Amino acid sequence: MSLQGNVIPIIHWSRRSLCLTEDPELFFPVSTEGPGREQYERAKAVCRRCPVQRRCLEYALNTYQMYGVWGGTTPDERRAAMTAPRQGAR
């Protein structure tokens, strides 16, 4: 698939995301402790209401997004999701 083919579907689904109307910093807390933990929870609450949450999570997993809240998940949750199938295959 061409680069253009990869960009068009991303733009299509992301235009319907609820995070577009939020402060982008909400989705990138500096810590998982204290105020950062509350920020993660607020960001995930936005994701839970989002019509493209699943698509966003698929994108994050497929492109190895290592920072921020994507599809209602933290970086640690995505890392766990990426390694879980491999552990079950052993």
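Look above for the structure.
What you see is a predicted model; the values in this text were computed from it and never measured.

Thresholds applied
- Residues numbered from 1 in each chain as written.
- Predicted model: local features only at pLDDT ≥ 70, side-chain atom pairs only at ≥ 80, totals over all residues.
- Heavy atoms only, no water.
- Helix = DSSP H or I, 4+ residues; strand = E, 2+ residues; numbered from the N terminus.
- Buried < 20%, exposed > 50% of the residue type's maximum accessible area, 1.4 Å probe, protein only.
- Contact = heavy atoms within 4.5 Å.
- Core = buried A, V, L, I, M, F, W, Y, C linked by side-chain atoms within 4.5 Å.
- 1 Å grid on protein atoms, 1.4 Å probe; cavity = no way out; pocket = protein on both sides within 12 Å on 5 of 7 lines; lining within 4 Å.
- Points joined across faces, edges and corners; volume = space filled by probe spheres on them.
- Nonpolar A, V, L, I, M, F, W, Y, C, P; charged D, E, K, R; others polar.
- Expected span 1.5 Å × (residues − 1).
- Arc of directions from axis to C-beta.

Colleague: Would you explain the overall build of the protein chain in this entry?
Modeller: Along its length, the protein chain carries 4 helices and 0 strands. What you see in the protein chain, going N to C, is helices and strands ordered as α-α-α-α. Expressed as a percentage of the 90 residues in the protein chain, the buried residues total 29%. Long-range pairs, those at least 24 residues apart, make up 41% of the contacts in the protein chain with a sequence separation of at least 6.

Colleague: What am I meant to see in the nonpolar core here?
Modeller: The nonpolar side chains of soluble globular proteins are, as a tendency, buried together. Leu26, Phe27, Tyr40, Ala43, Val46, Cys47 and Val69 form the largest nonpolar core, which has 7 residues in total. Sequence-distant contacts of Val46, that is, excluding residues within four places in its chain, are made with Leu18, Cys19, Glu22, Leu26 and Phe27. Counting 6 residues, the second largest nonpolar core, distinct from the first, contains Trp13, Val52, Cys56 and Trp70.

Colleague: For this particular structure, what's the right way to read unusual backbone geometry?
Modeller: Across the chain, the bulk of peptide bonds are trans and the bulk of non-glycine residues have phi less than zero. Despite not being glycine, Tyr64 shows a phi value in the positive range, around 55°. By the element assignment, Tyr64 lies in the loop between α3 (53–62) and α4 (75–89). On the accessibility criterion, Tyr64 (55% relative accessible area) is exposed.

Colleague: I'm lost on the layout of surface pockets in this one. Help?
Modeller: One simple way to see leftover space: roll a probe sized like a water molecule over the atoms. Of the pockets and cavities examined, the largest pocket occupies roughly 350 Å³. Looking at the largest pocket, it is lined by 21 residues, and the ones nearest its centre are Ser17, Cys19, Cys56, Val69 and Trp70. Where the lining of the largest pocket is concerned, the elements lending two or more residues are α1 (3–14), α2 (35–49) and α3. By residue class, the composition of the lining of the largest pocket is 15 nonpolar, 4 polar and 2 charged. Here the second largest pocket is characterised by a volume of approximately 150 Å³. Around the second largest pocket, the lining residues are Thr32, Arg37, Tyr40, Glu41, Lys44, Thr74, Pro75, Asp76 and Glu77.

Colleague: When you look at α2 in this model, what are you seeing that I'm missing?
Modeller: Every α-helix winds through 3.6 residues per turn, so residues three or four apart in the chain are directed the same way. The end-to-end C-alpha distance of α2, which contains 15 residues, comes to 22 Å, matching closely the 21 Å that a straight helix rising 1.5 Å per residue would cover. Of all the positions in α2, only Gly36, Gln39, Tyr40, Ala43, Lys44, Val46 and Cys47 are classed as buried. An end-on view of α2 places all buried positions within 150° of arc, on one side of the element. Exposed residues lying more than 90 degrees from the buried face of α2 are Pro35, Arg37, Glu38, Arg48 and Arg49.

So yeah, pure geometry; function would need other evidence.
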